[in-house]
Amino acid sequence: MSHLDTALIARSFRDGRAQRTALYSHRRLVTKPLAISLWQLGAEPFSAAAMGFGESARDLRIVVAGDPRNRDLAFAALLQFARWFNPRFETHSSDRETVARGENRYERARKAPQVVVANEATVEMLGRLGRRLAYLPTTGARPAPLEVVRLGQHLLFLGRHASVPGQQLVVALTDLLRRHWATAQAEVERFSLAALDAFIEPPQGVHGFDWAAARERDSVGPVPSGEDDERLEPLVEEFNTLRAGATDPARINSLLPPIEQHYRPLILRGWELMWRCRDREAAIQEAPSVQRRWEEDREAYTAHMDWVVRDGRWRTRQTPRQAAMLLHRLEEAQARLDAEEAVDDPLRRIPLILDHKAVQGTVTRLDRDNYEMGARSTGLPSAGHH
Amino acid sequence: MARIATVLARVPDAQDIADNVPANVNFGSVADATVEAARRIDALHDIAERVGTSYSPACLATCGNALFCRARAFRAGALCLTGPETVRGLPGVRSIGRAAELTDGAPATAEEAPVAAHLAKAGRLYDAVVRTSPASRARRSA
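What you see is a predicted model; the values in this text were computed from it and never measured. (Residues numbered from 1 in each chain as written. Chains lettered and ligands numbered in written order. Predicted model: local features only at pLDDT ≥ 70, side-chain atom pairs only at ≥ 80, totals over all residues. Heavy atoms only, no water.)

A.B. asks: Just to check I follow, could you spell out the overall build of chain B for this structure?
C.D. replies: When helices and strands are tallied, chain B shows 9 helices and 0 strands. Across chain B, helices and strands are ordered from the amino to the carboxyl terminus as α-α-α-α-α-α-α-α-α. For 142 residues, the compact-globule estimate of 2.2 N^0.38 gives 14 Å, and chain B exceeds it by more than 25% at 22 Å. Based on the C-alpha atoms only, the size of chain B along its principal axes is roughly 60 × 50 × 35 Å. Burial analysis of chain B (142 residues in total) assigns 31% to the buried set. Considering only contacts within chain B whose residues lie at least 6 apart along the sequence, 20% involve residues at least 24 apart. Both charge centroids of chain B, one from 17 positive and one from 14 negative side chains, sit 13 Å from each other. (Helix = DSSP H or I, 4+ residues; strand = E, 2+ residues; numbered from the N terminus. Rg over C-alpha atoms; globule rule 2.2 N^0.38 Å. Buried < 20%, exposed > 50% of the residue type's maximum accessible area, 1.4 Å probe, protein only. Contact = heavy atoms within 4.5 Å. Lys, Arg positive; Asp, Glu negative; His and termini not counted. Charge placed at Lys NZ, Arg CZ, Asp CG, Glu CD.)

Laid out in structure tokens, this is it:
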């Protein structure tokens with residue numbers, strides 16, 4: 001934690017609201033993202049009990065599984081989600097541009113989809129769903145629907161790509177807000193989207209702490225609160241009694257409304273919060289380097305789509321060599337992200353100035369003939385400054 | 001084994017803790033469900049005043065009373081409110097509110113001096129950027 005972080009936390013405490021840690025927005029937010037809200041059933045982390053999704057605040061579709069512990073019911077719900085998600089996720093893949101880099105020429109999609117979720121826990125759940133679905137057999141005794149397997153491949157990709165520093169294909173709003181705002185909250189409290197939002201925009205005259213304390217219990221998924229789960233339990237039990245082992249949609253659909261009515265207010269609460277937070281950040285000017293990282297994201301998306309079309313598979317466990325190379329790539333991306341943010345944004349430079357890793361001043365004179373020689377040469381002429 | 005023995009030796013003895021509690025401090029009036037809620041909370045505050053609390057954000061995960069202690073830490077402006085990093089980052093500073101004053105360049109006491117210089121510089125650099133940059137109010141046109 002830098003002295004700037006500490007200073008801004010102190011000011012956030014004094015002023016009762018969050019302080020910006022960046023002048024610009026360092027992540028792209030596209031105009032029509034694929035927003036997703038996921039809910040799991042109690043502590044069952046590998047299946048979705050309820051899903052809310054849409055491309056704008058007013059466009060919300062809700063699908064519930066009934067009892068997601070039953071594979072057929074869970075997959076029936078996921079199939080509906082896959083039929084919405086897959087075409088929207090895949091549509092950008094066919095529109096390509098050719099990029100020349102040195103001798104090499106390669107294609108990349110002109111646009112890429114962006115998935116927006118409330119928090120990192122939802123990103124992890126997307127990855128877990130992907131891990132479960134991506135490699136299911138689509139033939140044999142109990143075939144999985146093709147669309148669901150395809151959905152799994154996309155989610156697995158997103159779950160992996162989410163660990164790339166500065167990537168923008170999956171935006172977890174808690175992560176986005178934490179990187180752009182300092183609040184007088186403990187780190188663990190800053191994982192709640194409701195609490196973060198409360199500190200950023202409290203009502204007039206109310207301290208962010210009090211407003212956050214009032215709102216932090218509003219879960220936005222994927223893990224339900226204990227009280228919500230207690231209200232759900234009798235509904236699921238009744239659902240299971242009435243369906244008497246049946247899983248055919250004709251029978252099930254008429255039994256789902258009570259469970260959907262349970263989830264609807266929960267999803268709506270998080271939905272409204274998600275879009276408000278997203279729109280507030282989207283109104284802030286984008287930093288210049290975002291464009292380069294978006295190009296990298298488009299390249300990763302293109303490579304994934306080409307791989308999926310060829311029915312490509314990933315090892316479930318990396319070889320030591322793969323792991324080492326991945327770690328190297330992630331570290332490079334992190335170093336580059338830090339450098340780009342510092343170059344783009346004068347607020348991001350302050351911690352470096354305080355640590356004496358950067359200097360601040362005005363260039364007064366440039367000696368074009370005087371180069372630093374040797375292996376560590378920067379290739380830049382030496383400059384005088386004060 | 002030696003390490004475990006050291007750790008175990010440091011676990012406070014329950015009897016020592018009980019002996020240190022001031023006389024007539026107990027949860028009787030707090031636990032009395034027949035008394036109105038506000039009076040019971042006052043009684044809890046009274047105990048906290050006399051015995052003290054030791055809040056840290058880690059309490060939120062395990063203790064039913066954590067929100068009570070957190071609210072007290074907030075009212076007092078205690079450094080522990082925002083976690084151990086803040087406590088470590090502000091040696092010699094008595095409260096978060098005081099740290100905010102130091103970011104504005106308030107005169108520091110001898111104890112605060114080492115960290116006050118950093119806070120004042122951070123505050124000064126931050127204010128200079130926010131004041132002068134057009135981007136601080138810029139909004140994307142689209």
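A.B. asks: What exactly am I supposed to notice about the pattern of salt bridges here?
C.D. replies: Between side chains of opposite charge, pairing is possible as soon as their charged atoms come close. All names here are of chain A. Applying the stated criterion across every chain yields a total of 44 salt bridges over all chains. With a shortest N-O distance of 3.2 Å, E281 and R20 are connected by a salt bridge. Of this pair, E281 sits in helix α10 (residues 257-282) while R20 is found in strand β1 (residues 19-20), placing the two residues 261 residues apart along the sequence. Residue E281 shares its accessibility class with R20, and that shared class is buried. R108 is the partner of E97 in a salt bridge, and the nearest nitrogen-oxygen pair spans 2.9 Å. Here E97, found in strand β5 (residues 96-101), pairs with R108, found in strand β6 (residues 104-109); they are 11 residues apart in sequence, far enough to count as distant. Judged by relative accessible area, R108 falls into the buried class, the value being 8%. (Salt bridge = Lys/Arg side-chain N within 4 Å of Asp/Glu carboxyl O.)

A.B. asks: Sorry if this is basic, but what is going on with the packing of aromatic side chains here?
C.D. replies: Where two aromatic rings form a pair, the distance of their centres and the angle of their planes describe that pair. Residues and elements named next belong to chain A. Under the counting rule described, the total for this entry stands at 11 aromatic pairs over all chains. Ring geometry for F81 versus F85: centroids 5.5 Å apart, planes at 35°, classification tilted. With F81 and F85 both in helix α2 (residues 71-90) and 4 residues apart, the pair spans about one turn of that helix. Each member of the pair F81 and F85 is classed as buried. When the centroid spacing of 6.5 Å and the interplanar angle of 45° are considered together, the rings of W84 and F85 count as tilted. (Phe/Tyr/Trp six-rings, centres within 6.5 Å; stacked < 30°, edge-to-face > 60°.)

A.B. asks: Hey, could you run me through a negative patch on the surface in this one?
C.D. replies: All names here are of chain A. A contiguous patch of negative charge on the surface is contributed by E227, E230, E233 and E237. Considering the arrangement of structural elements, one finds E233 in helix α8 (residues 226-243). Classification of E233 as partly exposed rests on a relative accessible area of 47%. (Patch = residues over 30% accessible without salt bridge, like charges linked within 9 Å, V, L, I, M, F, W, Y side chains within 5 Å. Areas by Shrake-Rupley, 256 points an atom, 1.4 Å probe, with all protein chains shown as cover.)

A.B. asks: Is there a simple way to explain the nonpolar core in this structure?
C.D. replies: Side chains of a nonpolar character, in soluble globular proteins, are inclined to be buried together. Formed by 47 residues in total, the largest nonpolar core has its most connected members in L4(A), I350(A), L81(B), L90(B) and L119(B). For this core, the elements supplying multiple residues, two or more each, are α1 (3-15), α6 (193-200), α7 (208-215) and α13 (346-354) of chain A together with α4 (37-51), α6 (66-76), α8 (96-103) and α9 (113-132) of chain B. For this core, the leading source of residues is α9(B), giving 7 residues. Once residues lying within four places of it in the same chain are set aside, the contact partners of L4(A) are L347(A), I350(A), P351(A), L354(A), A122(B) and Y126(B). (Core = buried A, V, L, I, M, F, W, Y, C linked by side-chain atoms within 4.5 Å.)

A.B. asks: In this structure, what is going on with the interface of chain B and chain A? I would like to understand it.
C.D. replies: Accessible area lost during the coming together of the parts is what is often quoted as the interface size. The interface of chain B with chain A comprises 38 residues on the first partner and 38 residues on the second. For the chain B and chain A pair, buried surface summed over both sides reaches about 3,300 Å², with 67% attributable to carbon and sulfur atoms. Between chain B and chain A we count 6 salt bridges in total. Of the charged contacts, one joins D210(A) and R75(B) as a salt bridge, the two residues approaching to 2.9 Å between their closest N and O atoms. (Buried area = accessible area lost by both parts, 1.4 Å probe.)

A.B. asks: Would you take a moment to explain the sheet that holds strand β3 (residues 44-56) of chain A for this structure?
C.D. replies: Where strands meet in a sheet, backbone hydrogen bonds hold them as pairs that are either parallel or antiparallel. Residues and elements named next belong to chain A. The sheet built from 5 strands is open, its strands ordered β4-β3-β2-β7-β8 with mixed pairing. On the outer flanks of this sheet lie β4 (59-64) and β8 (170-172), each paired with one strand and no other. Across the sheet, the axes of successive neighbouring strands diverge by a mean angle of 30°, strand direction being ignored. Pairing between strand β2 (residues 34-41) and β3: 7 bridges, direction antiparallel. Bridged to Q40 within β3 is A48. Against the sheet, helix α3 (residues 120-133) makes contact with β2, β3, β7 (115-117) and β8, and its axis sits at roughly 115° relative to β3, the strand it touches most. (Pairing = 2+ DSSP bridges. Axes fitted to C-alpha atoms, helices over the stretch in contact; angles between N-to-C directions.)

A.B. asks: Looking at this structure, I do not really get unusual backbone geometry. What am I missing?
C.D. replies: Excluding glycine, residues mostly carry a negative phi; peptide bonds, for their part, are mostly trans. Residue and element names in this part refer to chain A. With an omega dihedral of -5°, the bond running from G221 to P222 counts as a cis peptide bond. Within the secondary structure, P222 is located in the loop between α7 and α8. One non-glycine residue, A244, lies in positive phi territory at about 45°.

A.B. asks: Would you explain the side chain of D344(A) in this entry?
C.D. replies: Residue and element names in this part refer to chain A. Residue placement: D344 occurs in helix α12 (residues 320-344). Buried and unpaired, D344 has no salt bridge, with R293 as the nearest side chain of opposite charge at 5.2 Å. A polar atom in the side chain of D344 sits 2.8 Å from the side chain of S289. Here D344 is in contact with Y24, H26, A287, P288 and S289, once residues within four sequence places are set aside. (Polar contact = N/O pair within 3.5 Å; in protein donor to acceptor, adjacent residues only side chain to side chain.)

A.B. asks: I would appreciate a short explanation of the pairing of β4(A) in the present structure.
C.D. replies: Residues and elements named next belong to chain A. As paired elements, β3 and β4 share 5 bridges and run antiparallel to each other. Bridge assignment links M51 to a residue of β4, and that residue is V63. Linking β3 back to β4 in an antiparallel pair, the connection comprises 2 residues.

A.B. asks: I'm lost on the environment of D297(A) in this one. Help?
C.D. replies: Residue and element names in this part refer to chain A. Examined against the element boundaries, D297 turns out to sit in helix α11 (residues 290-309). Once the C-alpha coordinates of D297 and P68 are considered, the two residues, 229 residues apart in sequence, prove to be 33 Å apart. Those residues in contact with D297 that sit more than four places away from it in its chain are H161, Q167, Q168 and L169. Polar contacts involving the side chain of D297 include one to the side chain of H161, which spans 3.0 Å.

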